[in-house]
Amino acid sequence: MLCIAAAFVFDASAQGAVAQAVLESATTAAQAAEPEPVVDKGDVAWMLTSTLLVLLMTVPGLALFYGGMVRSKNVLSVLAQVISVFSLLVLLWVAYGYSLAFAGGGAWIGTFDKAFLRGVGIDTLADTFSAGFKLPEYVFIAFQATFAGITGALIVGAFAERARFAAVLLFAVLWFTFGYLPIAHIVWAGPGFLFSRGALDFAGGTVVHINAGVAGLVGAYFVGKRVGFGREALKPHNVTFTFIGAALLWVGWFGFNAGSALEANATAALAFLNTLLATAAAILAWALVEKTAKRKSSVLGVASGAVAGLVGITPAAGTVGPCGAIVIGAVAGVVCVWGVNGLKRLLRADDSLDVFGVHGLGGIVGALLTGVFTAPWLGGTGGEDFSIVRQVATQALGVGITTVWIGVVSVLAFLIARAVFGLRVSEDAEREGLDITSHGESAYEL
């Protein structure tokens, strides 16, 4: 009996040892199947460069583009608004913006888990689009901060030359908190409502351009028309500045679009090429329309055409083929010519620097055409089961949600800013110019 008992104990111990060995082997295999995250130095270098390029888009790119289009007495006020709004939103991004946009949450907004970058350090990582490859989280935070900053800076062009500086800053805070952050979350974050439904917005057609265009249009209505609008010639004071700004925007936009691949890979290369081609197509399309309609192609027109092409390709840059990019750019160029002329008259809004006509309308065109040219049989990167009808419907849903949500938030934000500071400078101050009356400086000493 003792021998039998001993044999049983031995056998049980042996089975336990075998089970433990099997468990350890399975654990080792699982660990082998899930390798350590890779942080590629080339990806990090590219993303830091892309972040710098998006900064270049804003200051000096956007600042010069807008500054040249206003009258000489208001150029400094526009420069101040662009750089100040950008700076304000970058700080708010670190305070709570990044957390509400990307730190978990549900379908509509994130959480405060990473407010003031709590829990973020040099060892924390952010996902890319490739399994196993990561970025230092600080890199992703900085890159996305520039997106938030430039979106707010775009808006100020719609009510340039007559808005109170304090009101602009207060509006930017309210719009960013209740407008930009929810849209960024639902479009780009994993749990987001539109992201989970397969909406495509590679680099910000809805999040940036439609968002800024709608907010700007609401602002143009609330602030009102400039003194002399429709009766006096309110001409750009320095088209050379505007052209230089457009050129810097084109250069910086390669970081905006190709950087949105989050890696230095073939998708970034595709976005890079598409950004080049769509912009070229839009420039020529705008120039051709002007030549046909007005018998002359203006430098202001080709500069605006460049921006229209850049806006149009933004949501599609990493998912459409080169031929699709050319079509999108050309269509955006033609449509935006109408946007800054015919549509602007129909809307009866003094959108000073055509924020809605270029960014809003161009963003809508790009978002919808993304659903068409992502189809693999049209050169895009969509899967075999890709449906143009289904994808365009999803894209249209994204356009609709962004337009309505930002429209409502902007109305409320401008109402609050008007109640607190008033939206507009006095008529005398406007006639003298905001450079002197708001900032105590003059760009040109006479």
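As shown above, the structure is provided for reference.
About the criteria used
- Residues numbered from 1 in each chain as written.
- Predicted model: local features only at pLDDT ≥ 70, side-chain atom pairs only at ≥ 80, totals over all residues.
- Heavy atoms only, no water.
- Axes fitted to C-alpha atoms, helices over the stretch in contact; angles between N-to-C directions.
- Helix = DSSP H or I, 4+ residues; strand = E, 2+ residues; numbered from the N terminus.
- Parallel < 35°, antiparallel > 145°, perpendicular 65-115°, else oblique.
- Left-handed = near helix turned anticlockwise from the far one by under 90°.
- Contact = heavy atoms within 4.5 Å.
- Nonpolar A, V, L, I, M, F, W, Y, C, P; charged D, E, K, R; others polar.
- Expected span 1.5 Å × (residues − 1).
- Buried < 20%, exposed > 50% of the residue type's maximum accessible area, 1.4 Å probe, protein only.
- Polar contact = N/O pair within 3.5 Å; in protein donor to acceptor, adjacent residues only side chain to side chain.
- Salt bridge = Lys/Arg side-chain N within 4 Å of Asp/Glu carboxyl O.
- Patch = residues over 30% accessible without salt bridge, like charges linked within 9 Å, V, L, I, M, F, W, Y side chains within 5 Å.
- Areas by Shrake-Rupley, 256 points an atom, 1.4 Å probe, with all protein chains shown as cover.
- Core = buried A, V, L, I, M, F, W, Y, C linked by side-chain atoms within 4.5 Å.

Draft legend 1. Local environment of the packing of helix α9 (residues 266–294) against helix α11 (residues 322–347). Contact geometry of α9 with α11 gives a least axis separation of 7 Å together with a crossing angle of 40°. Between α9 and α11, the interaxial angle falls into the category oblique. The interaxial crossing formed by α9 with α11 has right-handed handedness. Here α9 contributes Leu270, Leu273, Asn274, Leu277, Ala278, Ala281, Ala282, Ala285, Trp286, Val289 and Lys294 to the contact with α11, which in turn contributes Pro322, Ala325, Ile326, Gly329, Ala330, Gly333, Val334, Cys336, Val337, Val340 and Asn341. Split by residue class, the contact of α9 with α11 holds 17 nonpolar, 4 polar and 1 charged.

Draft legend 2. Main features of helix α10 (residues 299–313). With 15 residues, α10 extends 22 Å from end C-alpha to end C-alpha; this agrees with the ideal 21 Å at 1.5 Å per step. In terms of burial, α10 is largely enclosed, as 12 of its 15 residues are buried. Burial in α10 covers these residues: Gly301, Ala303, Ser304, Gly305, Ala306, Val307, Ala308, Gly309, Leu310, Val311, Gly312 and Ile313. Two or three places before Gly301, at the opening of α10, Ser298 has a side-chain oxygen 2.8 Å from that residue's backbone nitrogen.

Draft legend 3. Spatial organisation of the environment of Ile416. Looking at the element boundaries, Ile416 is found in helix α13 (residues 388–420). Residue classification places Ile416 among the partly exposed positions, given a relative accessible area of 41%. With 198 residues separating them along the chain, Ile416 and Val218 place their C-alpha atoms 14 Å apart. Residues in contact with Ile416, not counting those within four places in the same chain, are Leu170 and Leu174.

Draft legend 4. Inspection of the packing of helix α7 (residues 205–223) against helix α12 (residues 355–373) at higher detail. Contact geometry of α7 with α12 gives a least axis separation of 8 Å together with a crossing angle of 145°. Once α7 is placed against α12, the crossing between them reads as left-handed. Contact with α7, carried on its side by Gly205, His209, Ile210, Ala212, Gly213, Val214 and Leu217, involves Val355, Phe356, His359, Gly360, Gly363, Ile364 and Ala367 of α12 and no other residues of that element. Split into classes, the residues belonging to the contact of α7 with α12 amount to 8 nonpolar, 6 polar and no charged.

Draft legend 5. How the structure looks around the side chain of Glu263. Position of Glu263 among the secondary structure elements: in the loop between α8 (239–258) and α9. One polar contact links Glu263 to Thr128, side chain to side chain, over a distance of 3.5 Å. Polar contacts involving the side chain of Glu263 include one to the side chain of Ser130, which spans 2.9 Å. When neighbours within four sequence positions are excluded, Glu263 is seen to be in contact with Asp43, Trp46, Met47, Thr128, Phe129, Ser130, Phe133 and Ala268.

Draft legend 6. Just the pattern of salt bridges, in detail. Going through the model one piece at a time under the given rule, you end up with 9 salt bridges. Of the charged contacts, one joins Glu161 and Arg226 as a salt bridge, the two residues approaching to 2.7 Å between their closest N and O atoms. Pair noted here: Glu161 is in the loop between α4 (137–155) and α5 (165–188) and Arg226 is in the loop between α7 and α8, with a separation of 65 residues, a long-range link. In this pair, the class of Glu161 matches that of Arg226, namely buried. Each of Arg71, Glu161, Arg162, Arg226 and Asp350 takes part in a single network of salt bridges with overlapping partners.

Draft legend 7. Just a nonpolar patch on the surface, in detail. A grouping of Val239, Phe243, Ile244 and Val299 is seen on the molecular surface, where their side chains present a nonpolar patch of about 310 Å² in accessible area. Counting residues per element, the nonpolar patch draws most heavily on α8, at 3 residues. With respect to the helices, strands and loops of the structure, Val239 is situated in helix α8. Taking relative accessible area as the criterion, Val239 reaches 32% and is therefore assigned partly exposed.

Draft legend 8. Spotlight on the environment of Asp350. Relative to the helices and strands, Asp350 is located in the loop between α11 and α12. Exposure remark for Asp350: the relative accessible area of 1% places this residue in the buried category. With 172 residues separating them in the primary sequence, Asp350 and Phe178 have C-alpha atoms 25 Å apart. Setting aside residues up to four positions removed in sequence, Asp350 forms contacts with Ala158, Arg162, Ala220, Lys225, Arg226 and Phe229.

Draft legend 9. Local environment of unusual backbone geometry. Following Val59, the chain continues to Pro60 via a peptide bond in cis, the omega torsion being 15°. Inspection of the secondary structure puts Pro60 in helix α2 (residues 41–69). With a phi close to 55°, Phe116 is a non-glycine residue in the positive phi region. Considering the arrangement of structural elements, one finds Phe116 in the loop between α3 (75–102) and β2 (125–127). Exposure remark for Phe116: the relative accessible area of 66% places this residue in the exposed category. Unlike most non-glycine residues, Asp354 shows phi in positive territory, near 60°. With respect to the helices and strands, the residue Asp354 is situated in the loop between α11 and α12.

Draft legend 10. Region of interest: the nonpolar core. Grouped together as the largest cluster of nonpolar side chains are 117 residues, with contacts concentrated most on Tyr66, Trp93, Phe159, Trp175, Phe176, Tyr180 and Phe256. Considering every element that reaches this core, the biggest residue donor is α5, with 14 residues. Other than its neighbours up to four places away in sequence, Tyr180 contacts Trp93, Phe147, Ala148, Thr151, Trp175, Trp188, Val207, Asn211 and Ile406.

Draft legend 11. Representation of the environment of Phe414 in the model. Assignment of secondary structure puts Phe414 in helix α13. Exposure remark for Phe414: the relative accessible area of 2% places this residue in the buried category. Each C-alpha atom, one on Phe414 and one on Gly219, is 7.1 Å from the other, the two residues being 195 residues apart in sequence. When residues no more than four places from it in sequence are discounted, the contact partners of Phe414 are Phe159, Phe171, Ala215, Val218, Gly219, Phe222 and Leu423.

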